Amino acid sequence: MMTDPSLLFEIAALNAACAAAVDADRLEAWPEFFLDTCLYKVTTADNHAAGYQAGLIHADSRAMLVDRIAALRQANIYERQRYRHILGMPLISVGADGMLSAETSFVVIRTMRDGQMSVFAAGVYFDRLRRDVSGAWRYVERIVVCDSQRFDTLLAIPL
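Here is a short report on the structure shown in this document. Since we're looking at a predicted model, the values are computed, not measured.

**Side note on the packing of aromatic side chains**
Two measures describe an aromatic ring pair: the distance that separates the ring centres and the angle between the ring planes. All chains considered together, the criterion is met by six aromatic pairs. Between W30 and Y40, the aromatic rings sit 4.9 Å apart at their centres with planes inclined by 85 degrees, giving edge-to-face as the arrangement. Of the two residues, W30 is situated in the loop between α1 (5-23) and β1 (34-44) and Y40 in strand β1; the sequence distance between them amounts to 10 residues. The class of Y40 is buried, set by a relative accessible area of 1%. Considering the side-chain rings of F34 and Y40, the 6.0 Å spacing of their centres and the 90 degrees angle between planes classify their relative orientation as edge-to-face. Each member of the pair, F34 together with Y40, is buried. Every member of this aromatic cluster is reached through a ring pair, and the members are W30, F34, Y40 and Y139. Just above the ring of Y139 sits the side chain of R142; from NZ or CZ to the centre is 4.2 Å.

**Some thoughts on the side chain of T43**
Checked against the element boundaries, T43 lands in strand β1. The contacts of T43, once residues within four sequence positions are left out, are H48, A54, G55, I143, V144, V145, C146 and F151.

**What to know about the pairing of β1**
Extensive coverage of β1 is indicated by the burial of nine of its 11 residues. Examined bridge by bridge, β1 and strand β7 (residues 137-146) share seven bridges and lie parallel to one another. Residue pairing across strands places K41 opposite I143, the latter belonging to β7. Bridging between β1 and strand β2 (residues 57-59) involves three bridges; their strand directions are antiparallel. By the bridge assignment for β2, Y40 is matched with A59.

**Quick word on the environment of V140**
Here V140 lies in strand β7. Taking the relative accessible area as the measure of exposure, V140 reaches 11% and is therefore buried. Taking the C-alpha atoms as reference points, V140 and T37, 103 residues apart in sequence, are found 7.0 Å from one another. If we ignore the near neighbours within four places in the chain, the residues touching V140 are L35, T37, C38, L39, M99, R128, L129 and R130.

**So, the environment of E10**
With respect to the element layout, E10 can be found in helix α1. Note on E10: relative accessible area 29%, which makes it partly exposed. Taking the C-alpha atoms as reference points, E10 and R150, separated by 140 residues in sequence, lie 33 Å from one another. Among the polar contacts made by the side chain of E10, one reaches the side chain of W137 at a distance of 2.9 Å.

Criteria and cut-off values
- Residues numbered from 1 in each chain as written.
- Predicted model: local features only at pLDDT ≥ 70, side-chain atom pairs only at ≥ 80, totals over all residues.
- Heavy atoms only, no water.
- Phe/Tyr/Trp six-rings, centres within 6.5 Å; stacked < 30°, edge-to-face > 60°.
- Helix = DSSP H or I, 4+ residues; strand = E, 2+ residues; numbered from the N terminus.
- Buried < 20%, exposed > 50% of the residue type's maximum accessible area, 1.4 Å probe, protein only.
- Lys NZ or Arg CZ within 6 Å of the ring centre and 35° of its normal.
- Contact = heavy atoms within 4.5 Å.
- Pairing = 2+ DSSP bridges.
- Polar contact = N/O pair within 3.5 Å; in protein donor to acceptor, adjacent residues only side chain to side chain.

Given below as structure tokens:
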């Protein structure tokens, strides 16, 4: 496990900025946290443990993430809602190739238009990260593993 405080701060700040973009409905900024070639997948803990590759959401490029946001804005019909992420401290390890792996617990509270709030999702982000050409950390892979097997049909906004 990694204990470099500056690296821990950088990854925690990246996670916080990514969550803040989603929570503030700045969804168009969300794909910028990923490299061009990346993987974003939402799955359940049981499916992840069993090694199943399919996910409830599966995108294998930043372009697919951009398309998903465009579809949310222009084509999909869903009840207006807002997320609030609560993030744990990432546990970081450095691979032999210099790529980072991070495991971060999360809870997402969803607030509906009528004000009703509920715990929408809880789980862990399994991330692989690398610096981009500017030196900023970006997600190469973000596997969102949700603790519950049950999903609301309104899994529209990225977790």
